[in-house]
Amino acid sequence: MHSPGAILWSLPWIIPPVVTYFRLRHSRSLDDESDTPPESPPLVSVIVPARNEAHNIARCVTSILSTTYPNLELIVVDDSSTDRTAQIARDAAERDPRARIVASPPLPEGWFGKQWACATGAKIARGSVLQFTDADTVHGADLVTRSMNAMRRNRAQLLSVAGRQELGGFWEKVIQPQIFTILSMRYGGTESVTRSTRVRDKIANGQCIFVTHDSYDAIGGHASVRTSVAEDMMLAQKFFAARKRVVLMLGLDQLSTRMYASLGGIISGWRKNVFAGGLDSMPFGKVGHTLFPLFLLMPPLLELLPPLALVLAAFGFATSGTLMLWAAISGGATLLWWIVVYVTIRESPLYALAYPLGALILLYIFFTAVIRGRRVSWKGRTYISQ
């Protein structure tokens, strides 16, 4: 392999990031929507499923109730928490008449807990629009207003908002961008998702989903996705398959989430759904499902190959000049990509130097997820994703 060959073999490390960058550039944001409530604003029911969220629920409830949207109710569904989630939610609401804290009935067999809590909230919701949001989210005062204007303008029956991911610690900053970059490479920007004509290319962010109540009931609500670990993605696909309009938008200034605050939380949190949920996004039927473990493991493996080659060369195990040129080009391109990522998300570009560490942990998460298969463990419960 001569120098031109080294450049040619480096293309898989160069082309995907470039394509992803240009696909993401065309994403649409809630910033472009009006922050003035529509005339005769419909009632929006905000439903928060919460299980053992004592450390998150207060700021979530407080932020939701600080909305400028004039017609809103909040339903926090306590999903059999063993901590003080329900009481903290009540204290945070401060007897606001718009808020209700309810207990989820016992979990039926065949249901995931989150879906059951969402269905419980939807059953008592009075709004013509439902907003499903996670307990670890923080909502901007203009989130609902801008989202309702976006739904109306796009004539959407489902609008999902992708917010800003809060990266508090070292492991979050090293691993979380890896996950979201892979998702971006798979699905592209918001317009790629919105304009796609294929069910498998539809995705939603479960941290914030707005749906019209009648359309939600028409597709069977969360009962239709009760056995899916990636219920947000499947809900979007159910809506689209039923000829409902599905729209994805950015809301970086309107919504933020800190998903996991520790290395253990990151590993267990992503391991629960990357394999079982990813299977549902694979095309080509049984062939795609069979090959999916390989596709899942490939991104971190590709990231690790160039630095591995350079390490082997440093210890005298690889002396080919063209191999080293390939490793230098591929590794340099990957490093440059991560510098761009960290600058974009307003984190220190020095974290780009740790990308091999992030890829190594990602490989561990993906490999153990493949071993677990469709068995999912989360917050003291075990499910089988179907």
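For the structure itself, look to the data block above.
This one's a predicted model, so the numbers in the text were calculated from it and none came from an experiment.

Q: Could you give an account of the overall build of the protein chain, with specific residues and numbers?
A: The number of helices and strands found in the protein chain is 15 helices and 12 strands. A compact globule built from 386 residues would reach a C-alpha radius of gyration of about 21 Å, and the protein chain, at 22 Å, matches this within 12%. Along the first, second and third principal axes, the C-alpha atoms of the protein chain reach 70 × 40 × 40 Å. For the protein chain, the proportion of its 386 residues judged to be buried stands at 54%. Of all intrachain contacts in the protein chain linking residues separated by at least 6 positions in sequence, the fraction that spans at least 24 positions is 80%. Accessible surface for the protein chain amounts to roughly 17700 Å². Of this, 61% is attributable to carbon and sulfur atoms.

Q: Go over the packing of helix α13 (residues 285–314) against helix α15 (residues 355–372), please, and point to the residues and values.
A: Direction vectors running N to C along α13 and α15 enclose 155 degrees, while the axes themselves pass 9 Å from each other. On the basis of the axis angle, α13 is roughly antiparallel to α15. Once α13 is placed against α15, the crossing between them reads as left-handed. Side by side, α13 and α15 meet where P293, L296, L297, P300, L301, E303, L304 and P307 of the first sit next to Y355, P356, A359, L360, L362, L363, F366, F367 and V370 of the second. In terms of residue class, the contact of α13 with α15 is built from 16 nonpolar, no polar and one charged.

Q: So what about the sheet that holds strand β7 (residues 164–165)? Which residues, and what values?
A: As summarised here, the arrangement of the three strands in space is β5-β10-β7, forming an open sheet in which the pairing is mixed. A strand with exactly one partner marks an edge of an open sheet, and here the two such strands are β5 (137–139) and β7.

Q: Hey, could you go over the pattern of salt bridges for me, with residue numbers and the actual values?
A: Within this structure, the stated rule accounts for 17 salt bridges. Linking R153 and E33 is a salt bridge whose minimum nitrogen-to-oxygen distance equals 2.4 Å. Of the two residues, R153 sits in helix α6 (residues 143–154) while E33 sits in the loop between α2 (11–25) and β1 (44–50), which places them 120 residues apart along the sequence. Linking R146 and D35 is a salt bridge whose minimum nitrogen-to-oxygen distance equals 3.8 Å. Here the residue R146 occupies a position in helix α6, and D35 occupies one in the loop between α2 and β1, the gap between them amounting to 111 residues. Taking the relative accessible area as the measure of exposure, D35 reaches 45% and is therefore partly exposed. Taken together, the salt bridges that share partners define one network made up of R28, E191 and R195.

Q: Tell me about the side chain of E191, residues and numbers included.
A: With respect to the helices and strands, E191 occurs in helix α8 (residues 190–195). Residues within four places of E191 in sequence aside, it is in contact with H26 and R28.

Q: Describe in detail the nonpolar core, supporting the description with residues and values.
A: Counting 36 residues, the largest nonpolar core has V44, V48, I57, V61, L74, V76 and F210 as the members making the most contacts within it. Residues within four places of V76 in sequence aside, it is in contact with V48, A50, I57, V61, A89, R100, I101 and V102. Residues Y187, Y216, M234 and L248 belong to the second largest nonpolar core, which totals 27 residues.

Rules and cut-offs
- Residues numbered from 1 in each chain as written.
- Predicted model: local features only at pLDDT ≥ 70, side-chain atom pairs only at ≥ 80, totals over all residues.
- Heavy atoms only, no water.
- Helix = DSSP H or I, 4+ residues; strand = E, 2+ residues; numbered from the N terminus.
- Rg over C-alpha atoms; globule rule 2.2 N^0.38 Å.
- Buried < 20%, exposed > 50% of the residue type's maximum accessible area, 1.4 Å probe, protein only.
- Contact = heavy atoms within 4.5 Å.
- Areas by Shrake-Rupley, 256 points an atom, 1.4 Å probe, with all protein chains shown as cover.
- Axes fitted to C-alpha atoms, helices over the stretch in contact; angles between N-to-C directions.
- Parallel < 35°, antiparallel > 145°, perpendicular 65-115°, else oblique.
- Left-handed = near helix turned anticlockwise from the far one by under 90°.
- Nonpolar A, V, L, I, M, F, W, Y, C, P; charged D, E, K, R; others polar.
- Pairing = 2+ DSSP bridges.
- Salt bridge = Lys/Arg side-chain N within 4 Å of Asp/Glu carboxyl O.
- Core = buried A, V, L, I, M, F, W, Y, C linked by side-chain atoms within 4.5 Å.

All quantities given are derived from atomic positions and should not be read as evidence of function.
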